[in-house]
Every structure is written in C-alpha cells, then in structure tokens.
Amino acid sequence: MKPSPRLSLNNGVLIDQLGFGLYKVPPAEAAGLVTMALEAGYRHFDTAAMYGNETGVARGIGSLSSFVSTDDARGGSGEASPSLSREDLFVTTKLWNDDQGYDATLRAFDTSMANLGLEYVDMYLIHWPCPQRGLYSESYRAMETLYREGRARAIGVSNFQPAHLDRLLQTAEVVPAVNQIELHPWLQQEELRALHGGLGITTEAWSPLGRGQVLQDPVVLDLAAAHGRTPAQIILRWHVQLGNVTIPKASSYARIRENLNVFGFSLEAAAMDALAGLERGFRTGSHPDSVN
Ligand SMILES: NC(=O)C1=CN([C@@H]2O[C@H](COP(=O)(O)OP(=O)(O)OC[C@H]3O[C@@H](n4cnc5c(N)ncnc54)[C@H](OP(=O)(O)O)[C@@H]3O)[C@@H](O)[C@H]2O)C=CC1
Ligand SMILES: O=C(O)C(=O)[C@@H](O)[C@H](O)C(=O)CO
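So, how was this worked out
Residues numbered from 1 in each chain as written. Chains lettered and ligands numbered in written order. Predicted model: local features only at pLDDT ≥ 70, side-chain atom pairs only at ≥ 80, totals over all residues. Heavy atoms only, no water. Near = heavy atom within 4 Å. Polar contact = N/O pair within 3.5 Å; in protein donor to acceptor, adjacent residues only side chain to side chain. Areas by Shrake-Rupley, 256 points an atom, 1.4 Å probe, with all protein chains shown as cover. Helix = DSSP H or I, 4+ residues; strand = E, 2+ residues; numbered from the N terminus. Nonpolar A, V, L, I, M, F, W, Y, C, P; charged D, E, K, R; others polar. Expected span 1.5 Å × (residues − 1). Buried < 20%, exposed > 50% of the residue type's maximum accessible area, 1.4 Å probe, protein only. Contact = heavy atoms within 4.5 Å. Pairing = 2+ DSSP bridges. pLDDT = per-residue confidence, 0-100. Axes fitted to C-alpha atoms, helices over the stretch in contact; angles between N-to-C directions. Parallel < 35°, antiparallel > 145°, perpendicular 65-115°, else oblique. Salt bridge = Lys/Arg side-chain N within 4 Å of Asp/Glu carboxyl O.

Under an unreviewed UniProt entry, the name given to the chain is Diketogulonate reductase-like aldo/keto reductase, and the organism recorded is Arthrobacter ginsengisoli.

Right, dumping it as structure tokens:
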C-alpha cells in the first residue's frame with residue numbers, strides 16, 4: 001500500500017494529506033485505534049480538547065517507543081522498518097470554544113499538551129469561530145505566541161466562514177496554515193476552497209465521508225463498482241485529487257487500512273465531474289455561525 005503523500009503548508013511544514021480523525025472515539029479506545037492506525041501507515045492524527053481523548057491519543061503515540069511498523073506503508077516490502085520517532089508524526093489538537101481569549105488560550109494549550117504528553121504540537125486550531133463571543137482574533141494572537149515559541153509548528157482555524165477569515169486577517173501576523181471545514185461530495189465548499197487558494201491556506205476536510213452518509217449515494221456506489229474500489233475509497237480519492245487534507249475516522253483495522261489505500265489509483269475527469277455534480281448544501285454538523 002502506498003503511503004499518504006505530504007503536502008507543504010504555507011510555512012513549509014509538511015503534513016500527511018490523509019490522516020486519522022478521532023471525534024467520538026472514547027478515551028479508552030483512542031490508544032488502540034491510534035496504534036492500529038500507526039500500524040496501517042497513518043502518521044497524522046486529529047484530536048481536540050473537546051473530544052476528551054487526548055490522553056488516549058497520548059497512550060497510542062506512546063506505543064511508538066516500542067513501535068516497529070510491520071506494514072509496507074512506509075517501510076517498503078512488508079518487512080519491519082525502523083522505529084518511528086516523534087518527528088514522523090503530525091498531531092493536531094484544537095482550542096475549545098469555552099477557552100477562547102488570550103490568557104485562556106494559553107492555559108488550554110498547556111492542558112492539551114499535558115494530556116498529549118508532548119513538548120510541541122504540529123498544529124493548533126481554533127475549533128469554531130464563535131462569532132458572538134468576539135474572541136477569535138485575541139485567541140489567535142495567543143496562538144501566534146505559541147507558534148513563535150515553537151510550541152506549535154503550525155497554527156490555523158476550523159469552521160471559519162469567509163467573513164471570519166476576513167476579520168481575522170485584519171490583525172493576524174501569521175496567515176493560518178489551514179482552515180478545517182466540513183467538506184464532502186454533498187457539501188463541496190467551492191467558495192471557501194477558492195478563497196483559501198488565494199490566501200495560501202490549506203483546505204482540510206472534516207467529516208470527509210459525510211459521517212458515513214455519503215457512502216450510500218448511488219453515484220458513489222456506481223463509481224465504486226466501476227473502479228473496483230469501495231465507496232469510501234472513491235470519496236477519499238476525490239478529496240486527494242481536489243488537494244484537500246483529510247482525516248476520516250474509522251473503528252476497525254480493515255476500514256482504517258481501506259481508507260488509507262487510495263494512493264494507488266486515480267479518478268478520471270468524468271468521475272471527478274460526476275462527484276462534482278453531487279453538491280446539495282448538506283451539512284452533517286452545525287453551521288459555523290450558529291455555534292457559540
Ligand atoms: N473541526 C471540526 O469541527 C470537526 C472535525 N472533525 C474531524 O474529522 C474527523 C472525521 O469526521 P467524522 O465526523 O468522524 O466523519 P467521517 O466522515 O470520517 O465518517 C466516519 C463514519 O464513517 C464510517 N466509516 C469510515 N470508514 C468507512 C469505510 N471504509 N466504510 C464504511 N464506513 C466507514 C465510520 O464508521 P466506524 O467508525 O463504525 O468504522 C463512521 O461512522 C473527526 O473524527 C474529527 O477528527 C469532525 C467533525 C467536526
Ligand atoms: O467533531 C468536532 O470537532 C465538532 O466540533 C463537531 O462534531 C461538532 O460537535 C458538531 O458538528 C456539532 O454539530
């Protein structure tokens with residue numbers, strides 16, 4: 001199985017294009033899933049203070065000290081590859097809404113780092129803009145401090161609408177590396193993707209499978225049959241070809257492997273067009289203006 005390629009963020013930091021999402025993973029299960037994902041070849045993990053599983057993620061990553069990949073994802077040939085080190089991983093966590101504000105952000109970051117057992121995080125994101133709180137620019141200023149101190153290798157935002165980005169950029173000194181947004185074939189976010197392209201912000205797709213719902217779309221099922229791939233692989237390959245970073249979540253080793261196994265085939269223009277035709281403005285999660 002080919003490994004995920006790495007994309008360069010706007011500060012030169014490399015991120016695996018396909019990572020593993022951990023929303024709704026109970027803390028007791030997080031360690032096992034992270035270990036499984038590492039074995040399958042994932043190197044990029046997406047958690048958040050709100051998920052309550054940072055300590056479980058830490059235990060999974062802790063397996064690194066004894067971890068030797070027996071998968072061919074990174075090692076080539078299926079033979080054991082050298083042990084992984086912290087530098088091989090990309091760990092993202094997020095600032096929860098109640099912790100917005102300059103001082104509160106710094107405190108929340110320290111708590112997340114203690115939970116994760118890390119000295120630095122690869123990416124720290126503002127989870128939701130919470131526009132009614134009016135604190136995201138101030139929170140971001142604290143994140144710029146963390147970035148300058150080297151405690152976060154990259155900083156960014158999540159669920160930011162164009163107006164939120166516009167306002168943030170009036171005071172930000174560091175352009176966000178990513179905006180992590182809901183994005184799948186039923187919600188393609190064309191406006192934000194174009195805006196990100198112009199600003200040098202990488203688009204990161206959350207709920208890339210529409211929380212599993214888009215897997216049942218007849219167009220996706222037809223494409224899966226035609227390509228001899230699974231519906232999840234068709235959708236994830238579409239994300240890859242759009243240039244999105246993406247972070248599907250799955251609960252079994254078979255699905256975890258299946259989702260990463262999308263770098264050995266491609267979708268032709270007609271298939272990409274068919275998927276582009278599935279836009280229907282369908283959100284599985286909240287609208288960013290409604291979360292506060
Ligand atoms: N920034 C934000 O506000 C948000 C960020 N996120 C991030 O995005 C990640 C992914 O989003 P998420 O909401 O989890 O949804 P996904 O779109 O990744 O879908 C996950 C669902 O699809 C199922 N699934 C996964 N792979 C397969 C497969 N190969 N075949 C069949 N079913 C499959 C899973 O089932 P099962 O688990 O049973 O295998 C699960 O029910 C989150 O885990 C989180 O890290 C998510 C929401 C908001
Ligand atoms: O998973 C996350 O990171 C979230 O913030 C969401 O799932 C969020 O709780 C949501 O979408 C609520 O509708």
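## Structural notes on the site of ligand 1
The local shell around ligand 1 holds 28 residues, among which Asp 46, Gln 180, Ser 207, Lys 249 and Ser 251 are the closest. Ser 207 places a polar side-chain atom, nitrogen or oxygen, 2.7 Å from an oxygen atom of ligand 1. Gly 210 places a polar main-chain atom, nitrogen or oxygen, 3.4 Å from an oxygen atom of ligand 1. Here ligand 1 loses 86% of its free accessible area of 900 Å² to cover by the protein chains. Looking at the shell around ligand 1 element by element, the count peaks at three residues for helix α10 (residues 253–260). Tallied by class, residues from the shell around ligand 1 come to 12 nonpolar, 10 polar and six charged.

## Brief notes about helix α1 (residues 27–40)
Across its 14 residues, α1 extends 20 Å between first and last C-alpha, which sits within 8% of the 20 Å expected from 1.5 Å per residue. Listed in full, the buried residues belonging to α1 are Ala 30, Ala 31, Leu 33, Val 34, Ala 37, Leu 38 and Ala 40. One or two residues past the end of α1 sits Gly 41, with phi positive at roughly 120 degrees.

## Here we look at the site of ligand 2
In the neighbourhood of ligand 2, the contacting residues comprise Tyr 23, Met 50, Tyr 51, His 127, Trp 128, Trp 206, Arg 211, Gly 285 and Ser 286. Contacts to ligand 2 include Tyr 23, whose side-chain N or O atom sits 3.3 Å from an oxygen atom. Within the side chain of Arg 211, an N or O atom sits 3.0 Å from an oxygen atom of ligand 2. A total of 330 Å² of accessible area belongs to ligand 2 in isolation, and the protein chains cover 80% of it. Taken together, the residues of the shell around ligand 2 sort by class into five nonpolar, three polar and one charged.

## Looking at the side chain of His 239
Position of His 239 relative to the elements: it lies in helix α9 (residues 231–242). Assessed through its relative accessible area of 0%, His 239 is described here as buried. Excluding residues that lie within four positions of it along the chain, His 239 makes contacts with Gln 17, Leu 183, His 184, Ala 205, Pro 208, Asn 244 and Thr 246.

## Regarding the pairing of strand β9 (residues 202–206)
The buried fraction of β9 is high, at five of five residues. The two faces of β9 match: Thr 202, Glu 204 and Trp 206 on one face and Thr 203 and Ala 205 on the other face are all buried. Looking at chain direction, strand β8 (residues 178–182) and β9 are connected through five bridges and run parallel. Within β9, the residue paired with Asn 179 across the bridge is Thr 203. As defined by bridge partners, β9 adjoins strand β10 (residues 245–246) across two bridges and the pair is classed as parallel. Its bridge partner being in β10, Ala 205 is matched across the sheet by Thr 246.

## Structural notes on the confidence of the model for the chain
The share of residues in the chain with pLDDT of 70 or more is 93%, and the mean pLDDT across the chain is 94. Across the predicted assembly, pTM comes out at 0.95 and ipTM at 0.98.

## Topic: the packing of α9 against helix α11 (residues 269–276)
Across the interface, α9 lies against α11 with an axial gap of 11 Å and an inter-helix angle of 100 degrees. Here α9 is positioned roughly perpendicular relative to α11, judged by the angle of their axes. Where α9 approaches α11, its residues Ile 234, Trp 238, Gln 241 and Leu 242 are matched on the opposing element by Met 272, Leu 275 and Ala 276. When the residues that make up the contact of α9 with α11 are grouped by side-chain class, the tally is six nonpolar, one polar and no charged.

## As for the side chain of Ser 4
Mapping Ser 4 onto the fold places it in the segment before β1 (6–8). Polar contacts involving the side chain of Ser 4 include one to the main-chain amide nitrogen of Gln 17, which spans 3.0 Å. Within the local environment of Ser 4, its side chain forms a polar contact with the backbone nitrogen of Leu 18, the two atoms lying 3.1 Å apart.

## Focus on the pattern of salt bridges
Side-chain pairs of opposite charge can arise whenever the charged atoms involved come near each other. What the rule picks out here adds up to eight salt bridges. Arg 133 is the partner of Asp 98 in a salt bridge, and the nearest nitrogen-oxygen pair spans 3.0 Å. Taken together, the residues span a long stretch of sequence, with Asp 98 in the loop between β5 (90–95) and α4 (102–116) and Arg 133 in the loop between β6 (121–126) and α5 (136–148) at a distance of 35 residues. In this structure, the salt-bridge partner of Asp 217 is Arg 280, at a minimum N-O distance of 3.5 Å. One end of the pair, Asp 217, is in the loop between β9 and α8 (218–227); the other, Arg 280, is in the segment after α11, and 63 residues separate them in sequence. Taking the relative accessible area as the measure of exposure, Asp 217 reaches 4% and is therefore buried. Overall, Arg 280 belongs to the partly exposed group, its relative accessible area being 48%. Salt bridges sharing partners connect three or more residues here, namely Arg 86, Asp 122 and Arg 153.

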